[in-house]
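Inside the fold
As a plain string of letters, each chain reads:
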Amino acid sequence: MHVQEWLETVPPLAIYLLVGLVIGLESLGIPLPGEIILVSSALLASQHGDIDPFVLGACASAGAIIGDSIGYAIGRKGGRPLLAWLGGKFPKHFSEGHIATAERSFEKWGMWAVFFGRFVALLRIFAGPLAGVLRMPYWKFLIANVFGGILWAGGTTAVIYYVGVVAESWLKRFSWLGLVAAVLIGLTSMLIIKRKATKAQTAPAEPAPVAAGD
């Protein structure tokens, strides 16, 4: 069953808790589809008034911040043996190559790696535990964690929600026949342009003009 179809069978309160839990566990260092759950829930909120997008964004932000903080504490206590253990449990995500790439990002960017890592799937899993392993000062981590978590979770919720609202409004305003016609017109235009571009590429080049003295 598709994620959004499954979410439609879940009460709003359970959706809030599920989003916060999945994103929190992902931020903690467990590879889970947090972004997919968040996007699907935000899109569902745009279609059903029972789900409050502000509450959804707040739960997602809280999960991101709390999960990252727990991951930082675990990483600081577990150290590098923790990364080796994670590599054995999740070799696809915590391979030596991925860990080395994440470490280089942290060494180069510091707390910005935590902030921008929230928007990158790989670093989103690594950020908390790796910041703890590398002994990043907690106040730096906390600032980047809070601002990154709110901007990523709240921003993603807002964008997907309003895109869903606009799309639904547009589809109500026009009939399906008009939508099909618009798609056909777009495809036809693309084919014509592609055909002209192909002709232009295969057309023989005009001979260069001969100079008077030749």
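Residues numbered from 1 in each chain as written. Predicted model: local features only at pLDDT ≥ 70, side-chain atom pairs only at ≥ 80, totals over all residues. Heavy atoms only, no water.

Side note on the overall build of the protein chain
In terms of helices and strands, the protein chain carries 9 helices and 0 strands. Counted from the first residue to the last, the protein chain has its helices and strands arranged as α-α-α-α-α-α-α-α-α. Counting all 214 residues of the protein chain, 36% fall into the buried class. Contacts in the protein chain between residues at least 24 apart in sequence constitute 78% of all its contacts with a sequence separation of at least 6. Just so you have it, the protein chain exposes about 13,000 Å², and 71% of that area is on carbon and sulfur atoms. (Helix = DSSP H or I, 4+ residues; strand = E, 2+ residues; numbered from the N terminus. Buried < 20%, exposed > 50% of the residue type's maximum accessible area, 1.4 Å probe, protein only. Contact = heavy atoms within 4.5 Å. Areas by Shrake-Rupley, 256 points an atom, 1.4 Å probe, with all protein chains shown as cover.)

Things to note about the pattern of salt bridges
Applying the stated rule across the entire model yields 3 salt bridges. For Arg118, the salt bridge identified is with Asp68, shortest N-O distance 2.9 Å. Of this pair, Arg118 sits in the loop between α6 (111-117) and α7 (121-133) while Asp68 is found in helix α4 (residues 53-89), placing the two residues 50 residues apart along the sequence. Look at Arg118 and you get buried, because its relative accessible area is 2%. We classify Asp68 as buried; its relative accessible area is 1%. (Salt bridge = Lys/Arg side-chain N within 4 Å of Asp/Glu carboxyl O.)

Points about the packing of aromatic side chains
For the coordinates displayed, the defined rule picks out 8 aromatic pairs. Geometrically, the ring pair formed by Tyr138 and Phe141 is tilted, given 6.1 Å between the ring centres and 35 degrees between the ring planes. Remark: Phe141 and Tyr138 occur in helix α8 (residues 138-173); sequence separation between them is 3 residues, near one turn of the helix. Among the aromatic residues, those joined into a cluster by ring pairs are Trp112, Phe115, Phe116 and Phe119. (Phe/Tyr/Trp six-rings, centres within 6.5 Å; stacked < 30°, edge-to-face > 60°.)

Quick word on a nonpolar patch on the surface
A cluster of nonpolar side chains, namely Trp109, Trp112, Phe116, Phe119, Val120 and Leu151, defines an oily patch on the protein surface of about 650 Å² accessible area. What makes Leu151 partly exposed here is its relative accessible area of 47%. (Patch = residues over 30% accessible without salt bridge, like charges linked within 9 Å, V, L, I, M, F, W, Y side chains within 5 Å.)

Topic: the nonpolar core
Judged by nonpolar contacts, the single largest core of 19 residues is most densely connected at Ile15, Val19, Ile23, Leu38, Ile51, Leu56 and Ala60. Contributions of two or more residues to this core are made by α2 (12-28), α3 (34-47), α4 and α8. Leave out the neighbours within four places in its chain, and Ile51 touches Pro12, Ile15, Tyr16, Leu44 and Ala45. Formed by 17 residues, the second largest nonpolar core is a distinct cluster that contains Leu83, Ala102, Val114 and Met136. (Core = buried A, V, L, I, M, F, W, Y, C linked by side-chain atoms within 4.5 Å.)

Description of the confidence of the model for the protein chain
In the predicted model, the protein chain carries a mean pLDDT of 76, and the fraction of residues at 70 or more is 70%. When pLDDT is averaged over each helix and strand of the protein chain, the minimum, 56, is found for helix α9 (residues 176-202) and the maximum, 90, for α2. (pLDDT = per-residue confidence, 0-100.)

Topic: the side chain of Ser41
Relative to the helices and strands, Ser41 is located in helix α3. Apart from the residues within four sequence positions on either side, Ser41 is in contact with Leu7, Ile15, Val19 and Leu56.

Side note on the environment of Gly20
Within the element layout of this structure, Gly20 appears in helix α2. A C-alpha to C-alpha distance of 8.9 Å links Gly20 and Gly34, two positions 14 residues apart in sequence. Among all residues touching Gly20, those that are not within four sequence positions of it are Cys59 and Gly63.

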